Amino acid sequence: MLAPTQEIAKGDRIDQLVAAHKPGHGLTRPFYLDPEIYARDLERVFFRHWHCVAHESVIPKVNDFEVFRMASEQVIVTRHADGSIHAMLNVCRHRGAEVCTKDKGNARMFVCPYHAWTYGNDGALKAARLMPKDFKREDHGLKKLHVRVVEGLIFISFAETPLDFSEVENLLHATCGQYGWANAKVAYRQSYPVDANWKLAVENYVECYHCGPAHPEYSQTHALEQPLHMIEALNAAMEERTCALGIEVGSGDHWQTSENGRETIHAFRYALYDGVKTGSQDGSPLSMLMGRFSEFDGGVTSVHLGGTSFLVCYPDHGMIYRFVPRGPEACEMELIWLVNGEAEEGRDYDLDKLKWLWTVTTDEDKAIIEHTSRGVRSNFFVPGPIAPMEQNELRYINWYLDEISRPV
């Protein structure tokens, strides 16, 4: 009886911390440092929700694969012979060895280096040496994850029964679909290891209260660095330009907990400053127009979904922002730049110019988040009140606390 009693005690302590949270304020120190809270984060947030892992152009050919390291797991994402995309855990069903030992490549089969159990790239067990006659290969395939591919984006869920994805899918069609992401390709990817709990990184991303003082480059071109009530006229003018192009980009707030079995998503639009066409150093175009856009509308579409995946749409390029836990006090941010699938580097876009703004901004974010993490480690840290411009951070914190309060 000792082990279950200890588990209950742990749960009680975390629940007490949640109950003691001061409304309208940030999270207290243990939420960013405590290994037990981190374990619950994985169980009730990370393994419950959907995650965008990549754009399908990273595995363009039949039998292409890539391994994604997510928290404590390794996920093999493959393109099968019939073109379908599969995701499975990189764990042999015999003794648990990694069956795929390369980060990416092209393979019809994965052969475990330990005892040579052989799996197809759809996860099916094809051969198991010297096993008895009553052994059933069909019962021992690689553990499959749920997969959805929407507008070229690959989403996976670790959950046994995944959250309903229909609202997410509809809103992605209405947003990324207008920007032609299904026909896009990856121009560049960059990973940033961050010496901080994953929630500090996400909280930083979802608010722009820090944009003015911390991101002068971004703030020269993006009106979101001001309070929303101060950019209403800019946003209205942007929408007029979009409509004049015959385009209706969707927006919608379905930011919700998983209590009713549905995934969370919020899509919103905001203006660039007058004369700015896209997210570049000087506001000038970076690449070929994408999707339904025949001209720049001077706007940006932002999508937050599932708690760890964030998308940014410009008429000539796009950004995928992924947040991956790496431990109680470490995480990774991955940036993925998308361009028109027909665009050629050196002819249609200059890669250095394409990635300049978000590289500069993310370098700054990494420094800010790590400064915050070092401060939060202080025994005397007490969270202050959330500012009005941090409304999305406040919403995220409340959502997170609800998620970790509800057992799987």
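Residues numbered from 1 in each chain as written. Predicted model: local features only at pLDDT ≥ 70, side-chain atom pairs only at ≥ 80, totals over all residues. Heavy atoms only, no water.

Taking an unreviewed UniProt entry as the reference, the chain is identified by name as Rieske 2Fe-2S family protein belonging to Pararhizobium capsulatum DSM 1112. What the UniProt record of the chain gives under Cofactor (unreviewed entry) is the line "Fe cation". (UniProt positions renumbered as here; feature names shortened; annotations may be inferred.)

**Student:** I tried to follow the pairing of strand β2 (residues 64-70) on my own but got confused; where do I start?
**Tutor:** Two faces, one strand: in a regular strand the side chains alternate between the faces of the sheet. Where burial is concerned, most of β2 is hidden: six out of the seven residues are buried. As judged from the three bridges shared by β2 and strand β5 (residues 104-106), these two strands associate in the antiparallel manner. Across the sheet, F65 pairs through a bridge with G105, a residue of β5. One ladder, built from six bridges, connects β2 with strand β3 (residues 73-79); its direction is antiparallel. The partner of V67 across the bridge, within β3, is I76. (Buried < 20%, exposed > 50% of the residue type's maximum accessible area, 1.4 Å probe, protein only. Helix = DSSP H or I, 4+ residues; strand = E, 2+ residues; numbered from the N terminus. Pairing = 2+ DSSP bridges.)

**Student:** Please explain the pairing of strand β15 (residues 309-313) as it appears in this structure.
**Tutor:** Along β15, five of the five residues are buried, which leaves the element largely enclosed by surrounding structure. By the alternation rule, side chains of β15 split into S309, L311 and C313 and F310 and V312, which are all buried. As paired elements, strand β14 (residues 299-305) and β15 share five bridges and run antiparallel to each other. Looking at the pairing, T301 lines up with C313 of β15. Connecting β14 to the next strand, β15, in antiparallel fashion are three residues, including G306 with a positive phi near 70°.

**Student:** Would you mind showing me how to read the UniProt feature "domain: Rieske" (unreviewed entry) in the chain here?
**Tutor:** Mapped onto the present numbering, the UniProt feature "domain: Rieske" (unreviewed entry) falls at residues 50-156. Across residues 50-156 one finds 0% helix and 42% strand; the C-alpha atoms that close the span lie 6 Å apart.

**Student:** So what exactly am I meant to see when it comes to the packing of aromatic side chains here?
**Tutor:** Between two aromatic rings, the relevant description is the distance of the centres plus the angle of the planes. Tallied over the entire structure, the rule returns 22 aromatic pairs. Judged by centre distance (6.2 Å) and plane angle (80°), the ring pair of F31 and Y400 falls under edge-to-face. Placement of the pair is F31 in helix α2 (residues 30-33) and Y400 in helix α10 (residues 391-405), with a sequence separation of 369 residues. Each member of the pair, F31 as well as Y400, carries the same accessibility label: buried. On the basis of an interplanar angle of 15° and a centroid distance of 5.6 Å, the ring pair of Y321 and F323 is categorised as stacked. Above the plane of the ring of Y188 lies K355, whose end atom (NZ or CZ) is 4.7 Å from the centre. (Phe/Tyr/Trp six-rings, centres within 6.5 Å; stacked < 30°, edge-to-face > 60°. Lys NZ or Arg CZ within 6 Å of the ring centre and 35° of its normal.)

**Student:** What should I look at first to understand the confidence of the model for the chain in this one?
**Tutor:** Detail in the predicted coordinates should be disregarded across regions flagged by low pLDDT. Looking at the chain, the pLDDT average stands at 96 and 97% of residues meet or exceed 70. When the criterion is pLDDT under 50, residues 1-8 qualifies, and its contacts beyond four places in sequence or with other chains add up to zero contacts. (pLDDT = per-residue confidence, 0-100. Contact = heavy atoms within 4.5 Å.)

**Student:** Help me understand the packing of helix α5 (residues 198-206) against helix α9 (residues 351-376), please; the structure alone is not making it clear to me.
**Tutor:** Helix packing geometry: the angle between the two helix axes and the distance between the axes. Following both chains from N to C, one finds α5 and α9 inclined at 130°, their axes separated by 10 Å at the closest point. The pairing of α5 with α9 is recorded here as oblique in orientation. The two elements α5 and α9 cross, and the hand of that crossing is right-handed. Note on element contacts: α9 touches α5 through D365, I368, I369, T372 and S373, opposite L200, A201 and N204. (Axes fitted to C-alpha atoms, helices over the stretch in contact; angles between N-to-C directions. Parallel < 35°, antiparallel > 145°, perpendicular 65-115°, else oblique. Left-handed = near helix turned anticlockwise from the far one by under 90°.)

**Student:** For this particular structure, what's the right way to read the environment of W198?
**Tutor:** By the secondary structure assignment, W198 is in helix α5. When the C-alpha atoms of W198 and L234 are compared, they prove to be 33 Å apart, with 36 residues separating the residues in sequence. With residues up to four places along the chain from it excluded, the contact list for W198 reads Y38, D41, V45, G307, T308, P325, C331, Y396 and Y400. At 3.1 Å, the side chain of W198 forms a polar contact with the side chain of D41. (Polar contact = N/O pair within 3.5 Å; in protein donor to acceptor, adjacent residues only side chain to side chain.)

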